[in-house]
Amino acid sequence: MHFMSIIYVRLHLHRKRSEVKGQMAGVSLLKPLKGVDPNLISNLETFFTLDYPKYEVLLCVQDQDDPAVDVCKKLLGKYPNVDARLFIGGKKVGINPKINNLMPGYEGAKYGLVWICDSGIRVKPDSLTDMTNQMTEKVGLVHGLPYVADRQGFAATLEQVYFGTSHPRSYISANVTGIKCVTGMSCLMRKDVLDQAGGLVAFAQYIAEDYFMAKAIADRGWRFSMATQVALQNSGSYSIGQFQSRMIRWTKLRINMLPGTVLEPVSECFLASLIIGWAAHYVFRWDMMVFFMCHCLAWFISDYIQLTGVQGGALCFSKLDFAVAWFIRESMAVQIFLSALWDPTISWRTGRYRLRCGGTAEEILDV
């Protein structure tokens, strides 16, 4: 997995492909918004300055009183020449709040490609060109590898280390070997294919709507492609506690969708090194602890090489900061997994949900 992801990152990511290939397809950008953080307006503004001739920005806010409404109106006034609209109120079609929020925008989309992109993502002027270039004849979905922008503080370093090491190792190697692994942070999809699957309504019963949208597209014979630019997360609100809660929530979703996730801890460095060290001692009579330390060191070096590749430039933190964040992240892995097993409910946005086997969920209402 390390070799596959490192080689893929070096060959595919951050390649200069800014020119539009062939006819330019129109794109409807769907932006689900909830609340405001210090980076929201700067993140959103990058979508108003895209260097792409044929796209619309559809801003979706659930509540009229949400402060994100004022941010949207400010940007609409600042960029009157950008084809952009604001949808307020959402449409209740299921338990997934993101889908409910996006429904009016999806129904009003006028182009054949829809780009669902989270509020915390920031882009470059040629990001949309890069994604549409990957949308070739047989491709039905283009997704970006999740990564994190350079920010200040140890919590930011921890997130950057995770999204540059453990996450892309699994994410990339799964896609390279034909396993459909997609996160919904930044996805460009064919609207007609989604409509064939029932539209966004069909996925409102799931919390992990991105997995089931990708599955529906793959089941209809379409291929996936990964953008050469990463999906750059730049949330202005972050902490170690928020990171831990997010990882636990994602693990709970994977366990309920894919039962094989129960084997996930053995793919983490320390547990894998212990198991392989024991096997080497049992078969070859090698010293178990020496093998464990050497294996961890090789893993550590491989992770650093991969992180620098995903970054595509100089890191904003030192090698010592990386070592500390890497050790803490790896130490958290088993605890995160056990916490996910302990409680089948998740909290997301303003709601709490009880997960069911297969990926569906029910909302827990306070009496």
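Residues numbered from 1 in each chain as written. Predicted model: local features only at pLDDT ≥ 70, side-chain atom pairs only at ≥ 80, totals over all residues. Heavy atoms only, no water.

This next bit is on the packing of aromatic side chains. In this structure the tally under the stated criterion is 15 aromatic pairs. Ring centres of Phe270 and Trp326 lie 5.9 Å apart, and the angle between their planes is 90 degrees; on these two criteria the pair is classed as edge-to-face. In this pair, Phe270 is assigned in helix α11 (residues 269–284) and Trp326 in helix α13 (residues 319–342), connecting sequence segments 56 residues apart. In this structure Phe270 comes out as partly exposed when scored by relative accessible area, which is 21%. (Phe/Tyr/Trp six-rings, centres within 6.5 Å; stacked < 30°, edge-to-face > 60°. Helix = DSSP H or I, 4+ residues; strand = E, 2+ residues; numbered from the N terminus. Buried < 20%, exposed > 50% of the residue type's maximum accessible area, 1.4 Å probe, protein only.)

The next point concerns the packing of α11 against helix α12 (residues 288–311). Where α11 meets α12, the closest approach of the two axes is 8 Å, and the angle between their N-to-C directions is 140 degrees. Looking at the two axes, α11 sits oblique to α12. Judged by the twist between their axes, the crossing of α11 over α12 is right-handed. Contact residues: Cys269, Phe270, Ala272, Ser273, Leu274, Ile276, Gly277, Trp278, Ala280 and His281 in α11; Met288, Phe291, Phe292, His295, Cys296 and Trp299 in α12. (Axes fitted to C-alpha atoms, helices over the stretch in contact; angles between N-to-C directions. Parallel < 35°, antiparallel > 145°, perpendicular 65-115°, else oblique. Left-handed = near helix turned anticlockwise from the far one by under 90°. Contact = heavy atoms within 4.5 Å.)

Together, Val262, Leu263, Val266, Leu271, Leu274, Ile275, Ile276, Val334, Leu338 and Leu341 make up an exposed nonpolar region whose accessible area comes to about 810 Å². Those elements giving two or more residues to the nonpolar patch turn out to be α11 and α13. Looking at the secondary structure, you find Leu274 in helix α11. (Patch = residues over 30% accessible without salt bridge, like charges linked within 9 Å, V, L, I, M, F, W, Y side chains within 5 Å. Areas by Shrake-Rupley, 256 points an atom, 1.4 Å probe, with all protein chains shown as cover. Salt bridge = Lys/Arg side-chain N within 4 Å of Asp/Glu carboxyl O.)

Attention now goes to the pairing of strand β8 (residues 186–190). A large share of β8 lies buried, amounting to five of its five residues. Alternating residues of β8 divide into Ser186, Leu188 and Arg190 and Cys187 and Met189, and every residue in both groups is buried. Judged from the five bridges that link them, strand β4 (residues 113–117) and β8 form a sheet pairing that is antiparallel. Among the inter-strand pairings, Trp115 is bridged to a residue of β8, identified as Leu188. The sheet contact formed by strand β6 (residues 139–143) and β8 spans three bridges and is antiparallel. Bridge pairing in β8 places Val142 opposite Leu188. (Pairing = 2+ DSSP bridges.)

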